[in-house]
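The primary structure of each chain is shown beneath.
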Amino acid sequence: MTTNKTFTMIKPEAVAAGHSGKIIDMIIAAGFKINGMKLTQLSKERAGAFYEVHKERPFYGELVAYMSSGPIVAMALEKENAVADFRKLIGATDPSEAADGTIRKKFAKSKAENAVHGSDSDENAAIEIAFHFAAGELVG
Ligand code: IDP
Ligand code: MG
């Protein structure tokens with residue numbers, strides 16, 4: 001049983017480049033309902049906590065600096081099979097490996113600056129939505 005919920009962030013370089021609207025259009029066109037959305041900037045501490053699972057990876061420091069470098073757009077999304085369908089919509093982590101028509105293929109600059117985040121499981125989607133949104137900030 002899936003929860004039909006997932007979580008995304010439009011990452012700093014994509015927000016700064018003015019791609020937020022086009023990315024949100026693609027998300028809605030793919031059938032996702034937006035249950036919560038906010039423009040915010042992560043502190044280094046919050047970015048570090050969000051990506052805690054990657055703490056031992058060599059790119060962790062770079063990732064935390066990047067994700068706290070400017071505003072992001074956080075969204076709680078709903079759709080049948082949300083986690084898997086959203087990963088398909090965004091494409092592979094490295095844009096050079098992302099399929100045509102995916103958000104990362106269109107907007108990512110590099111494997112690090114790859115335009116969007118997408119939850120990797122129902123469990124993490126719930127954790128990530130709760131990390132960014134209070135109950136009163138969500139509909140649906
Ligand atoms: P995902 O975002 O496709 O789930 P993860 O492996 O969970 O990919 O990595 C989280 C984020 O860390 C990526 O989206 C990307 O911004 C960054 N990242 C992943 N691998 C590398 C790397 O090899 N070098 C630099 N940054 C990376
Ligand atoms: Mg991941």
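Position numbers for residues count from 1 along each chain, tracking the sequence in the order it is written. Numbering of ligands from 1 and lettering of chains from A proceed in the order in which they are written. Totals for whole chains, interfaces and linings use every residue, but because this is a predicted model, local features are given only for residues with pLDDT of at least 70 and side-chain atom pairs only at 80 or more, for both listing and counting. Hydrogens are left out, water is left out, and the side-chain values use all remaining heavy atoms of the structure.

Engineer: I keep staring at the nonpolar core and nothing clicks. Help me out?
Structural biologist: In terms of nonpolar packing, the biggest core is built from 20 residues, with Ile 10, Ile 23, Ile 27, Phe 32, Met 75, Phe 86 and Ile 103 touching the most fellow members. Residue assignment for this core shows that the elements contributing at least two residues are helix H1 (12-16), helix H2 (20-29), strand E3 (72-78), helix H5 (82-90) and helix H6 (103-107). Pairs of residues are marked as contacts when any of their non-hydrogen atoms sit within 4.5 Å. Every residue in contact with Phe 32, bar those within four places of it in the chain, is listed here: Thr 6, Ile 27, Leu 77, Glu 78, Lys 79, Ala 82, Asp 85, Phe 86 and Leu 89. The nonpolar core is taken to be a set of buried Ala, Val, Leu, Ile, Met, Phe, Trp, Tyr and Cys residues, with the residues joined through side-chain atoms within 4.5 Å. A simple rule labels every residue: compare its accessible area, found with a 1.4 Å probe on the protein chains alone, to the largest value its type can have, and call it buried under 20%, exposed over 50%, or partly exposed in between. Core analysis: the next-biggest nonpolar cluster, separate from the first, contains 16 residues, Phe 7, Leu 42, Val 64 and Phe 133 among them. The way it works is that DSSP assigns letters per residue, a run of H or I at least four long becomes a helix, a run of E at least two long becomes a strand, and they are numbered from the N terminus.

Engineer: Sorry, what's going on with the pairing of E3 here?
Structural biologist: When a strand is regular, its side chains alternate between the sheet's two faces. The element E3 is largely enclosed, with a buried count of six among its seven residues. Strand pairing is defined by DSSP finding a minimum of two bridges between the two strands. Direction of pairing for strand E1 (residues 5-10) relative to E3: antiparallel, over a ladder of six bridges. In the sheet register, Thr 6 faces E3, and the bridge partner there is Leu 77. The sheet contact formed by strand E2 (residues 33-40) and E3 spans seven bridges and is antiparallel. The partner of Thr 40 across the bridge, within E3, is Ile 72.

Engineer: Which parts of the structure should I look at to understand H2?
Structural biologist: Residues Ser 20, Ile 23, Ile 24, Met 26 and Ile 27 constitute the buried set of H2. Viewed along the axis of H2, the buried residues span an arc of 155°, placing them on a single side of the element. Facing away from the buried surface of H2 by more than 90 degrees, the exposed residues are Asp 25 and Ala 29. The positive-phi residue at the C-terminal boundary of H2 is Gly 31, with phi of around 100°. To obtain the arc, one takes the directions from the helix axis to the C-beta atoms.

Engineer: Sorry if this is basic, but what is going on with the site of ligand 1 here?
Structural biologist: Residues in close proximity to ligand 1 include Lys 11, His 54, Arg 57, Phe 59, Leu 63, Arg 87, Thr 93, Arg 104, Lys 111, Ala 112 and Asn 114, which together make up its full environment. Pairing of N or O atoms within 3.5 Å defines a polar contact, subject to two protein rules: one partner must be a possible hydrogen donor and the other a possible acceptor, and residues neighboring in sequence count only if both atoms are side-chain atoms. At a separation of 2.7 Å, an oxygen atom of ligand 1 approaches a polar backbone atom of Ala 112. Areas reported as accessible are Shrake-Rupley estimates using a 1.4 Å probe. Residue values count occlusion only from the protein chains shown. Calculation on ligand 1 without its partners gives an accessible area of 530 Å², and the protein chains cover 81% of this total. Side-chain classes follow a simple rule in which Ala, Val, Leu, Ile, Met, Phe, Trp, Tyr, Cys and Pro form the nonpolar group, Asp, Glu, Lys and Arg form the charged group, and the remainder, Gly included, forms the polar group. Residue composition of the shell around ligand 1, grouped by class: three nonpolar, three polar and five charged. Near is defined per residue: the residue qualifies when any heavy atom it owns lies within 4 Å of the molecule or strand.

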